[in-house]
Amino acid sequence: MTFTHPHNSDERKWQLDIHHNGNDLLVVSCSGRWCLDQDLPSIETIQVEMDNALGRISFNTTQLSAWDTGFLAFLQSLLSLCAQRGITIDQDGLPKGVRHLLAMATAVPEQKAAKKRRKKQSLFFQVGSATIDFFRGAPEMLHFLGEITVSFGRLISGRARFRWSDLWWEIEEVGPRALIIVSVISLLVGLILAYLGADQLRLVGAQIFIADLVAIGMVREIGALMTGIIIAGRTGAAFAAQLGTMQVNEEIDAFKTLGLSPIDFLVLPRMLALMMMVPLLTLYASFVGMLAGLLVSATIFNISMFEYYNETLRALELKHFLVGLSKGSVYGAIVAYAGCLRGMQCGRSAESVGEAATSAVVTGILLITIAASLMTIIFYQLGI
Amino acid sequence: MNETPHIEIRNLTMAYGDFVIQHDLNFVVNKGDIFVIMGENGCGKTTLMRALIGLQRPALGTVFYDGEDFWNVDLDQQARLKRRLGIMFQGGALWSSLTLAENVALPLKEYTDLAQRRISDIVSFKLALVGLAGFEDFYPSELSGGMKKRASLARAMALDPEILVIDEPSSGLDPLTASRLDDLILELRDSLGATIVVITHELASILGIGTNSIFLDNESHTMINTGNPREALTSGDPRVRHFLTRGVT
């Protein structure tokens, strides 16, 4: 039986002849060009011929003008089919290079045990797995929190080992370098708040209370919340990516094998830096927000700057600042915790680093929102 | 016979800012060569490789492929020239989000019209050639360093490139696997007619498979020897002899 290239009869194209020779011998003749740029035949082409009882296959490649991996892949499939059916193969008729490469491909046996069976999982199974993973993750999160607490204990007792220069570097990185983005966001949020307030307060002729709304809103809640969210996206993701890359490069393992605590060396400076800088950024964000309110009120709603300033001073009390600062500290700790946790949990591939950074931001924002709600309720109940 | 060299490096200088790594490199790689670029750590072997494969523009000079000036042709032509190259990077450079089979299949899917079944056959064959049969569904993060290297070679060979550029093929491999890899490199040259550029400081590979070589010197920052590496053992520059005999002269 003869098979040829389906598209034209150019003699440079491949040709495959199969014929029985004697009782149990099948001779496979390959001629022409057997290269990847051709539409080469698949193994199914000769499978029918092989279904007839036979014991041996031999080759004739005297008319073979060119070959490459396409030919090798065809032969490899043929060899494995013959191996399954117990058919002997005589490779003498194949070119020397082909025989050598086929021998190399079979020199290391296939690791059948390594073959993976990847099953498609149902939605029900996936939801169940995600739920189990979540609850399995909770003890891990608590364990990490415990490790950080112990590390803070070592810091207080003067036994924590980390480089102070790392702390200063982190402080600069998370504080002053975040000023521009915090300024822009706070200015815009202050502006939105002032417009929103003005629209409603105008109905009752109490536009001067824009100052109260913006001042108390920014200082107590929004300054800290916006700063926390900005820092979660900017710094939390960076922490996760830094520590995740260190996991990939086995740098964290190197700390452990030296008997040094990676929590002390890597997590503690980051926690301290954020816990110190986020309250300051919160304070700064609150002032920028109030400044935006002042500008909007003075230029759009014809409230004099002096009046607005006096109303702001009247509205604000020390407790509002203490509430804002305490929230800032908690959000800073949460962002550092989420970033470091996800970084330390990172796998050993580039993809895991990306996942760690994403997860750090999601975890950070989720925890900040929960903490904000809880603290608002607590402060309300305490009358602060 | 005045044959155009397959690869020609002319007056090449590689630098990072003002720091010159190597200067005035001139050499030719002929078709069918297994050309070894050797030298001590930090001498600029990988930097030279990056200039050869289009990742780093040289400070001066250029690279010709069959007479075409790689660094001074338009981007389409450069892309066409790059398609003739297969690269195995020092660390493997496998795409971590893809399985080994997907890593090897990607160039075949992008540059050929082959059916999925045919691509799978080729991928299995290439992985078998480097001793990784059965590991098709593994992700790079699940493999050892040596396995990643071999998978990277399988990917570099996917399109049967005319020129294979291999950075440190044997480092991190056990002697048997390293020797198999050297045999494979020889067979790729002999059977498929590939020209192979190998960047290495592994003596067994240099002397075992190299047909031509250059030695990059760390002190003078230029090449100080060309020719068959086995000849360099006796007649080369003393620094080259020192290197090739591991300081035992």
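Rules behind the numbers
Residues numbered from 1 in each chain as written. Chains lettered and ligands numbered in written order. Predicted model: local features only at pLDDT ≥ 70, side-chain atom pairs only at ≥ 80, totals over all residues. Helix = DSSP H or I, 4+ residues; strand = E, 2+ residues; numbered from the N terminus. Rg over C-alpha atoms; globule rule 2.2 N^0.38 Å. Buried ≥ 20, exposed ≤ 12 C-beta atoms within 10 Å, placed from the backbone. Contact = placed C-beta atoms within 7 Å. Axes fitted to C-alpha atoms, helices over the stretch in contact; angles between N-to-C directions. Parallel < 35°, antiparallel > 145°, perpendicular 65-115°, else oblique. Left-handed = near helix turned anticlockwise from the far one by under 90°. Nonpolar A, V, L, I, M, F, W, Y, C, P; charged D, E, K, R; others polar. pLDDT = per-residue confidence, 0-100. Domains from an automatic or database assignment. Pairing = 2+ DSSP bridges.

1. Some details on the overall build of chain A
When its secondary structure is counted, chain A shows twelve helices and six strands. The C-alpha atoms of chain A give 36 Å as radius of gyration, which overshoots the globular expectation for 384 residues (21 Å, by more than 25%). Across the 384 residues that make up chain A, the buried fraction comes to 34%. Of all intrachain contacts in chain A linking residues separated by at least 6 positions in sequence, the fraction that spans at least 24 positions is 82%.

2. Regarding the packing of helix α3 (residues 96-107) of chain A against helix α6 (residues 175-192) of chain B
Taken N-terminus to C-terminus, the directions of α3(A) and α6(B) make an angle of 155°; their axes are 10 Å apart at the nearest point. The angle between α3(A) and α6(B) falls in the class roughly antiparallel. Relative to α6(B), α3(A) is oriented so that their crossing is left-handed. Contacts between α3(A) and α6(B) pair A:Gly97, A:His100, A:Leu101, A:Met104 and A:Ala107 from the former with B:Arg180, B:Asp183, B:Leu184, B:Glu187, B:Asp190 and B:Ser191 from the latter. Grouping the amino acids of the contact of α3(A) with α6(B) by side-chain chemistry returns four nonpolar, three polar and four charged.

3. Here we look at the confidence of the model for chain B
Residues at a pLDDT of 70 or more form 96% of chain B, whose mean pLDDT is 89. Across the interface, the model reports ipTM at 0.78; the global pTM reads 0.74.

4. Section: the domain arrangement of chain A
One can read the domain layout of chain A as domain 1 (2-110) and domain 2 (161-382). Summarising the inter-unit geometry, the C-alpha centres of domain 1 of chain A and domain 2 of chain A are found 68 Å apart.

5. A few points about the pairing of strand β1 (residues 7-16) of chain B
Residue and element names in this part refer to chain B. Bridge count for β1 against strand β2 (residues 19-29) is seven bridges, and the pairing is antiparallel. Residue pairing in the sheet places Leu12 in a bridge with Leu25 of β2. Relative to strand β4 (residues 60-65), β1 is paired through five bridges, and the arrangement is antiparallel. The residue bridging Arg10 from the neighbouring strand is Thr62, located in β4.

6. Quick notes on the sheet that holds strand β3 (residues 34-39) of chain B
Residues and elements named next belong to chain B. In space, the six strands of this open sheet follow the order β6-β7-β8-β3-β9-β10, with mixed pairing throughout. Strands at the two margins of the open sheet, each flanked by one partner only, are β6 (85-88) and β10 (223-227). Ignoring which end each strand starts from, the neighbouring axes of this sheet average 15° apart. Along the sheet face, helix α5 (residues 145-156) touches β6 and β7 (163-167) and points at about 175° away from the line of β6.

7. Description of the sheet that holds β1(B)
Taking strand neighbours across the sheet as the criterion, the four strands line up as β2-β1-β4-β5 (chain B) in an open arrangement whose pairing is antiparallel. Looking at strand neighbours, the two that pair on one side only are β2 and β5 (68-69) of chain B, the edges of this open sheet.

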